[in-house]
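# Summary of structural features
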Amino acid sequence: MPLNADFDPAALKDFLANRFGDAAMTLERIGGGQSNPTYFVDYGAHRMVLRKKPAGPILSGAHAVDREFRVLEALAPTDVPVPRPVLYHAGAEPLGTAFYLMERLDGRVFHDCSLPGISPAERRGIYFGMAEAMARLHAVRPDAVGLGDYGRPGNYFERQIGRWTRQLRQSPSDSIPALEAVADWLPQHMPANDGRVSIAHGDFRLGNLLFHPDKPEVIGILDWELSTIGHPLADLGFCSMTWHSTPDEYGGILGLDHAALGIPSQREFLDHYFAHAVPTAPLQRFHLVFSLFRFAVIFVGIADRARAGSAVSADAAGMSPLAGRFAVRAQEIIQGARPWSAA
């Protein structure tokens, strides 16, 4: 049994035998994630990745592996780079929770946004490849790929602020005054609804992208748990947090010498996105503050799961201070302590 497996591998082997016939199986847990347990599964000639809900109590609507599978199925025929979905299983048996399988792609994942060991020229290309992949995603019309009902169109930010504020205030964790202040600021500074609708990934960042083994090209956008019909500037603001958080704040690049590293400035990254995107309104301070707030609340949830003993990652307990750190970063943007769009 692989380290920290939360199900019986023999049960998975029996399931796959019924689907694909008898074959040898190898199973390996993939580390680094804070959400749905993920495994490499080799079964005969099939090289796959398994994603499942975590064991134990979870918040209603969280860890929606069914939604992940649905969006992969919808996007597979498009030019958006995603792994090919294989199957979805809704029942609690045989693995204890719902799960799905998708093809395993060979490539590179970068969790450190400073990209150590990469040449400056390739670093620049990787960041621009990230912008181009996001632009391709946002160009897809949800109704054209069968996702017209994947979320409620319109008033996206209003609904999202309400959702994450409720999640914050339902948490058993101690209140974070800075985060509460940001929650109060957001609805008062929300831009008017411009009617722009896209598939919003919800967690679009470098660590959720699989790059070609030899080229700065995204071959797979991963971890679709938080995806919905939304606004493209939600993803763009979320991705922009990299320039506003330090290396010890989930691998940001604030304080590093971007020019020496070859990493584009935030302004260059935004310009590259807009050069490849369908017409979209400019990113505003609100979008970055919203993204920092939302990420902070996600870390509140991680801390809650760590205390309940149902966290996916072994280092989840050490992540709890990041909720307060990202709340402070949001307040810095609100108060103008640092330029928010030219980092």
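Refer to the structure presented above.
Residues numbered from 1 in each chain as written. Predicted model: local features only at pLDDT ≥ 70, side-chain atom pairs only at ≥ 80, totals over all residues. Heavy atoms only, no water.

### Considerations on the pattern of salt bridges
Test applied: What counts as a salt bridge is simple: a side-chain nitrogen of Lys or Arg found within 4 Å of a carboxyl oxygen of Asp or Glu. Runs of E in the DSSP output that reach at least two residues are strands. Runs of H or I that reach at least four are helices, and both are numbered from the N terminus.
Within this structure, the stated rule accounts for 19 salt bridges. Where Lys 13 meets Asp 22, a salt bridge forms, and the shortest distance between an N and an O atom there is 3.5 Å. In this structure, Arg 51 engages Glu 68 in a salt bridge whose closest nitrogen and oxygen atoms are separated by 2.8 Å. Pair noted here: Arg 51 is in strand 3 (residues 46–52) and Glu 68 is in helix 2 (residues 65–75), with a separation of 17 residues, a long-range link. Counted as one network, the salt bridges with shared partners bring together Asp 248, Glu 249, Arg 325, Arg 329 and Glu 332.

### A short note on the packing of aromatic side chains
We apply this condition: Between 30 and 60 degrees the pair is tilted, below 30 it is stacked and above 60 it is edge-to-face, where a pair is any two Phe, Tyr or Trp rings, Trp via its six-membered ring, whose centres lie within 6.5 Å. Working definition: with a 1.4 Å probe on protein chains only, accessible area under 20% of the residue-type maximum means buried, over 50% means exposed, and in between means partly exposed. Should the NZ of a Lys or the CZ of an Arg lie within 6 Å of a ring centre and within 35 degrees of the ring normal, that charge is described as sitting over the ring.
Considering all chains together, one arrives at 19 aromatic pairs under this definition. Taken together, a centroid distance of 5.3 Å and an interplanar angle of 75° make the contact between Phe 15 and Phe 99 edge-to-face. Pair noted here: Phe 15 is in helix 1 (residues 9–20) and Phe 99 is in strand 5 (residues 99–103), with a separation of 84 residues, a long-range link. Phe 99 sits in the buried class, given a relative accessible area of 0%. Judged by centre distance (4.7 Å) and plane angle (70°), the ring pair of Phe 295 and Phe 299 falls under edge-to-face. Of this pair, Phe 295 and Phe 299 both sit in helix 9 (residues 285–308), four residues apart, which is roughly one turn of that helix. Neither Phe 295 nor Phe 299 differs from the other in exposure class; each is buried. Ring pairs connect the aromatic residues Phe 238, Tyr 250, Phe 295, Phe 299 and Phe 326, which therefore count as one cluster. One residue, Arg 104, lies across the ring of Phe 40, its end atom 3.6 Å from the ring centre.

### A word on helix 5 (residues 177–185)
Operational definition: In this context, the arc is that of the directions from the helix axis out to the C-beta atoms. Throughout, a contact is declared for two residues whenever any of their heavy atoms are within 4.5 Å.
For helix 5, every residue scored as buried is listed here: Ala 178, Leu 179, Val 182, Ala 183 and Trp 185. For helix 5, the buried positions fall inside an angular range of 160° around the axis, keeping them on one side. Along its buried surface, helix 5 packs onto helix 4 (156–170), helix 9 and helix 10 (321–335).

### What about the nonpolar core?
Keep this limit in mind: Put simply, a nonpolar core is a bunch of buried Ala, Val, Leu, Ile, Met, Phe, Trp, Tyr and Cys residues held in one set by side-chain atoms that sit within 4.5 Å of each other.
Counting 48 residues, the largest nonpolar core has Leu 75, Tyr 127, Ile 199, Phe 204, Trp 224 and Phe 269 as its most contacted members. Secondary-structure elements contributing two or more residues to this core are helix 2, strand 5, helix 3 (120–139), strand 7 (209–211), strand 8 (218–221), helix 6 (232–240) and helix 8 (266–276). Of the residues forming this core, the biggest block, eight residues, is contributed by helix 3. With residues up to four places along the chain from it excluded, the contact list for Phe 204 reads Met 130, Ala 133, Met 134, Leu 137, Leu 209, Ile 221, Asp 235, Phe 238 and Cys 239. Phe 157, Val 182, Leu 288 and Ile 302 belong to the second-largest nonpolar core, a separate cluster that totals 37 residues.

### As for helix 1
To be explicit about the condition: The span expected for a helix works out to 1.5 Å for each residue beyond the first.
An ideal rise of 1.5 Å per residue puts 16 Å on twelve residues; helix 1 measures up with 16 Å between its terminal C-alpha atoms. Regarding helix 1, the residues found buried are Pro 9, Ala 11, Leu 12, Phe 15 and Leu 16. The buried residues of helix 1 all sit within an arc of 155° when viewed along its axis, so they share a single face. Set apart from the buried face of helix 1 by more than 90 degrees, the exposed residues are Asp 14 and Asn 18.

### What about the sheet that holds strand 2 (residues 38–43)?
Where we set the bar: Strand pairing follows a simple DSSP-based rule, namely that at least 2 bridges must link the two strands. Fitting a line to C-alpha atoms yields each axis, with helices limited to the stretch in contact; the angle taken between N-to-C directions then spans 0 to 180 degrees.
If you walk across this open sheet you meet the five strands as 1-2-3-5-4, and the pairing is antiparallel. Among the strands making up the open sheet, the edge pair consists of strand 1 (25–29) and strand 4 (85–89). Geometrically, the sheet is characterised by an average inter-axis angle of 20° between neighbouring strands, direction not taken into account. Sheet strands in contact with helix 2 are strand 3, strand 4 and strand 5, and its direction is about 150° off that of strand 4.

### Description of the packing of helix 6 against helix 8
For clarity, the cut-off: Every angle not falling under 35 degrees, over 145, or within 65 to 115 is termed oblique; those three ranges are roughly parallel, roughly antiparallel and roughly perpendicular. Here a crossing is called left-handed whenever its near helix is offset anticlockwise from the far helix by less than a right angle, and right-handed whenever the offset is clockwise. Under the grouping applied here, Gly and all other residues not named as nonpolar or charged are polar, the nonpolar ones being Ala, Val, Leu, Ile, Met, Phe, Trp, Tyr, Cys and Pro and the charged ones Asp, Glu, Lys and Arg.
Where helix 6 meets helix 8, the closest approach of the two axes is 11 Å, and the angle between their N-to-C directions is 150°. Classified by the angle their axes make, helix 6 and helix 8 are roughly antiparallel. As for the relative orientation of helix 6 and helix 8, their crossing is right-handed in sense. Residues Pro 232, Leu 233, Leu 236, Cys 239 and Ser 240 of helix 6 form the contact with helix 8, whose own contacting residues are Gln 266, Phe 269, Leu 270, Tyr 273 and Phe 274. Looking at side-chain class alone, the contact of helix 6 with helix 8 contains eight nonpolar, two polar and no charged residues.

### Focus: unusual backbone geometry
A cis amide bond, omega 10°, links Glu 93 with the succeeding residue Pro 94. Topologically, Pro 94 is positioned in the loop between strand 4 and strand 5. With phi around 60°, Asp 223 is a residue other than glycine that occupies positive phi space. Along the chain, Asp 223 turns up in the loop between strand 8 and strand 9 (228–230). Residue Asp 223 is classed as buried on the basis of its relative accessible area of 17%. Backbone geometry at Tyr 250 places phi at a positive 65°, although glycine is not the residue there.

### Observations regarding the side chain of Asn 208
Here Asn 208 is to be found in the loop between strand 6 (198–200) and strand 7. The residues contacting Asn 208, other than those within four sequence positions of it, are His 201, Asp 203, Gly 220, Ile 221, Leu 222 and Asp 223.

### Let's talk about the environment of Ile 118
Of note, Ile 118 is situated in the loop between strand 5 and helix 3. Ile 118 sits 143 residues away from Leu 261 along the chain, and the two C-alpha atoms are 9.0 Å apart. Excluding residues within four positions of it along the chain, Ile 118 makes contact with Arg 108, Phe 110, Arg 123 and Ile 126.

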